Structure formats: structure tokens, C-alpha cells
Amino acid sequence: MKKTGYRLASMALAVALAIGSSGCRIGDEEVMISRGMAKDEVFLIDGKACTLPMMKLLLMNNMNLHGESYGIDLLTNEDLKVQKKFEQYVKKISMDEITRVYSMAALAGAQGVTLTDAQKELAQWAGEDCFQSLTEEEVAYLDITQEEVQSIYEKYALAELLYESLVQDVNEEVSDDEARIMEVRQIYTSGEVQARKALAELSEETEFSTVAANYNEADEIKLTLQRGMLPEEAETIVFSMEDGEVSDLIRTDEGYYIFYCDNKFDEEKTQEHKKDIVEQRKQEAFHSVYDPFLETVHSKLNESIWKSISIREMEQFSYEEFYEIFEKYLTEEELQPQNAE
């Protein structure tokens, strides 16, 4: 499957959006079929409208990005069920994404986060580049202007700038011990009798894997461990073991364990895990502000226009450069808060 490389997607920011016969839901607020919206407005969030041309541009882009999966061309697949599922998928990820961006832009306004003139200029350049990369046929189908494309990029940039402003104070120092990754083998049994039989065989210097093959009730024998994966009683013992050491019988509420330590410290994997820990801290910092705000957002969905959109009518178009252009102009370095070091 093609990858977008899109930075906002990597944040895993999930707006709770469900589209159904009664409308959609953003946070805990029920959004009914809209009244009084312009005929080309797909939805409103905090009074800001996503128009049909904007939505179609994102749908077209995502349709082509995800059109080939596992060597299967989903766009030309003759199976009607496959076509329907693919259309549902593209519409869902596109709606989830753009409502997330609009919600973040609304939060940015509440937080006083704004784009600088230089950042707006970059969004303008991105808009120009995107618009010029569209064919005449695509522009005519979308019925979109260069100014509208620039507006989309400004919202995406503002969403990322907001994220960076909310996570800039996160502590990025992670100790080796906190992030430590170990390689072990295990014998797990639900009953004490079997566990003690296994321990007795190990005391006779029977090879650990041989005993594990006879007694282990877990799905795996070899484990790559990080903190938080084992019951606390087991973790305390395992993370104090040395290479080549066999643990005593460990009793937990879940059952009985015996471990063999193959590698008490995998340096390469530990360094990678540090990045995961920092990212988790950032997610927590972001959601501590974003989630409560999401409960207050006023939203409307033009359900009739949303249901009428079909990606099947876009099959003749091949545009898929939206995210690539975003990253070309609006780099991570360019979207750092002004007070960030």
C-alpha cells in the first residue's frame, strides 16, 4: 500500500466520528442533519465550513493513494462488494481526517495559536503548487479555486502548529532502564503442579526450550519484553535478571512463570523504544487539552450532500500529491511554535 508520509496522521489523533442515518457525532455531541447550510457545504465545525470542492480534493487524493493495496487495484476491481468497501473506507478516513483538522484549527483559535506571515506564505506556495499540479479536467470536476486550496493547507498547517505548541514542554529525556527492551524465554502454566514439574526438569539441566516445549501454555516461548507487559510480580524479577539466568517459580494472579534471560539489554531496540515513550507522552499532553475541547465543539453535517458523493466518479483522475506538497513547503521545522527552542 502506498504511504502518505503525512505527519498529522502519525499523531493518531482520533475524532470520534460516526456517520449514520441520524447524522454524525464529534465528541459526545450528536450532530443532526444540517439546516440552513449552503448547498456546497459538507459540514460546519465551530462555524467554519468544509465545502464540497475541498472534500472532493481530499477524497480524490486518498482514493489514488490507497487505490492499490497488496498488489490489488481496488479502483478497477470488478467485485461490487470490494468496490463498496473501498469507497466506504476512503470516505471514512477522509472525513475523519478533515474533521480532525477543522477541530484542531478551532482549538488553535481558542488557544491563541496562529500562523505567522511566513507560514501563511508557505501555505500560499503550497496552494499554488497543488493547484498547478491539477489537470484542467480535475480543476473543472472539483470546481475549486487556488485560494480554496491555499485555505486547506493553512488549516492543515495550523493543526500541526497547534499540536507542536501543546507538546513542546513534554520531557523527552528517557532513561535506559525505563525504555529497556529484553529478550527472554518463558514457561507459563495455569497450575502450580505443572509449573513445579517444569522447574524440576530445569534443575536437572534440561535445556530450557525443551522443557518449555513440553509445559508452556502460552502462545509463545520467546518474548521481547518492555516494562508494563508482565504482571508486576514477574516484571520485578525479570528486569533484575542477568544473561543466561533462569528465574525461580514466579506466582501471579494469572498463573505461574519461569523465565530464561537471553539478553537483558537490547540496545538498538531500547533506543527505538525511547522514541515510542516520548511519542506517548506527547499524545497524553495533546489529548489532555484536545479531548475536553472536543466535547464543546458545535458541529453540523450536511448528510444529504455527504451521502451523494461517490468516489466512483473520480476514477478517471489520478491526482495524489496533496500530502507530498504539504511536506515540501510546510516542514516540521517551519511549523514549530515561535517560543520553541
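Since this is a predicted model, take the numbers as computed values, not measurements.

A. Structural context of the overall build of the protein chain. Tallying secondary structure elements over the protein chain gives 13 helices and eleven strands in all. Looking at the protein chain residue by residue over its 341 residues, the buried ones come to 50%. As displayed, the protein chain offers around 17700 Å² of accessible surface, 46% of which is attributable to carbon and sulfur atoms.

B. Here's a closer look at the packing of helix α2 (residues 52-65) against helix α6 (residues 146-167). For the pair α2 and α6, the least separation of the axes is 10 Å and the interaxial angle reads 70°. Comparing the axis directions of α2 and α6 gives the class roughly perpendicular. α2 and α6 meet at a crossing whose hand is right-handed. Packed against α2, whose contacting residues are P53, M54, L57 and L58, the element α6 presents E148, V149, S151, I152 and Y156 at the interface. Looking at the contact of α2 with α6, its residues break down into seven nonpolar, one polar and one charged.

C. A look at the pairing of strand β4 (residues 48-51). As paired strands, strand β3 (residues 41-45) and β4 are joined by four bridges and run antiparallel to one another. Considered in β4, the bridge of I45 is made with K48. Between β3 and β4, which pair antiparallel and follow one another directly, the connecting turn spans two residues, one of which, D46, has a positive phi of 55°.

D. The arrangement of the sheet that holds strand β10 (residues 255-263) in detail. Read across the sheet, four strands follow the order β8-β7-β10-β9 without closing on themselves; strand pairing throughout is antiparallel. The open sheet has two free edges, formed respectively by β8 (222-225) and β9 (250-252), since each of these has just one partner strand. Strand-to-strand twist in this sheet, taken as the mean axis angle between neighbours without regard to direction, amounts to 45°. One ladder, built from three bridges, connects β9 with β10; its direction is antiparallel. If you follow I250 over to β10, its bridge partner there is Y257. Relative to the sheet, helix α8 (residues 192-203) contacts β7 (182-189) and β10, its axis offset from that of β10 by approximately 30°.

E. The arrangement of the environment of L230 in detail. Assignment of secondary structure puts L230 in the loop between β8 and α10 (232-238). Non-local contacts of L230, meaning those with residues more than four positions away in its chain, are made with L225, E235, V238 and F259.

F. Structural detail: α8. The terminal C-alpha atoms of α8, which comprises twelve residues, lie 16 Å apart, in line with the 16 Å expected from a rise of 1.5 Å per residue. Residues of α8 that are buried include every one of A195, A198 and L202, and no others. On an axial view of α8, the arc spanned by its buried residues comes to 60°, and they lie on one face. Facing away from the buried side of α8 by over 90 degrees, the exposed positions are V193 and S203. Check the buried side of α8 and you find it contacts β7, α9 (208-215) and β10. In the stretch just after α8, E205 is the one whose phi turns positive, near 70°.

G. Just the nonpolar core, in detail. Among the nonpolar cores identified, the biggest contains 70 residues, and F43, M55, L57, Y153, M314 and Y319 are the most heavily contacted of them. Among all residues touching M55, those that are not within four sequence positions of it are V42, F43, C50, M95, I98, W306 and I309. Of all hydrophobic cores here, the second largest spans 14 residues; its members include L223, V238, M241 and Y257.

H. Main features of the sheet that holds strand β11 (residues 299-301). Spatially, β4-β3-β11 is the arrangement adopted by the three strands of the open sheet, whose pairing is antiparallel. In this open sheet, the two edge strands, each paired with only one partner strand, are β4 and β11. Neighbour-to-neighbour, the strand axes of this sheet turn through a mean angle of 20°, independent of strand direction. The pairing of β3 with β11 spans three bridges and is antiparallel. By the bridge assignment for β11, I45 is matched with S299.

I. Focus on the pattern of salt bridges. What the rule picks out here adds up to 17 salt bridges. In this structure, E313 and K56 form a salt bridge, with 3.8 Å as the shortest nitrogen-oxygen distance. With E313 in the loop between α12 (303-308) and α13 (322-329) and K56 in helix α2, this residue pair connects regions lying 257 residues apart in the sequence. Judged by relative accessible area, which is 37%, E313 ranks as partly exposed. Among the ionic pairs, R227 bridges to D177, the shortest N-O distance being 3.0 Å.

Reading guide: rules and limits
- Residues numbered from 1 in each chain as written.
- Predicted model: local features only at pLDDT ≥ 70, side-chain atom pairs only at ≥ 80, totals over all residues.
- Heavy atoms only, no water.
- Helix = DSSP H or I, 4+ residues; strand = E, 2+ residues; numbered from the N terminus.
- Buried < 20%, exposed > 50% of the residue type's maximum accessible area, 1.4 Å probe, protein only.
- Areas by Shrake-Rupley, 256 points an atom, 1.4 Å probe, with all protein chains shown as cover.
- Axes fitted to C-alpha atoms, helices over the stretch in contact; angles between N-to-C directions.
- Parallel < 35°, antiparallel > 145°, perpendicular 65-115°, else oblique.
- Left-handed = near helix turned anticlockwise from the far one by under 90°.
- Contact = heavy atoms within 4.5 Å.
- Nonpolar A, V, L, I, M, F, W, Y, C, P; charged D, E, K, R; others polar.
- Pairing = 2+ DSSP bridges.
- Expected span 1.5 Å × (residues − 1).
- Arc of directions from axis to C-beta.
- Core = buried A, V, L, I, M, F, W, Y, C linked by side-chain atoms within 4.5 Å.
- Salt bridge = Lys/Arg side-chain N within 4 Å of Asp/Glu carboxyl O.

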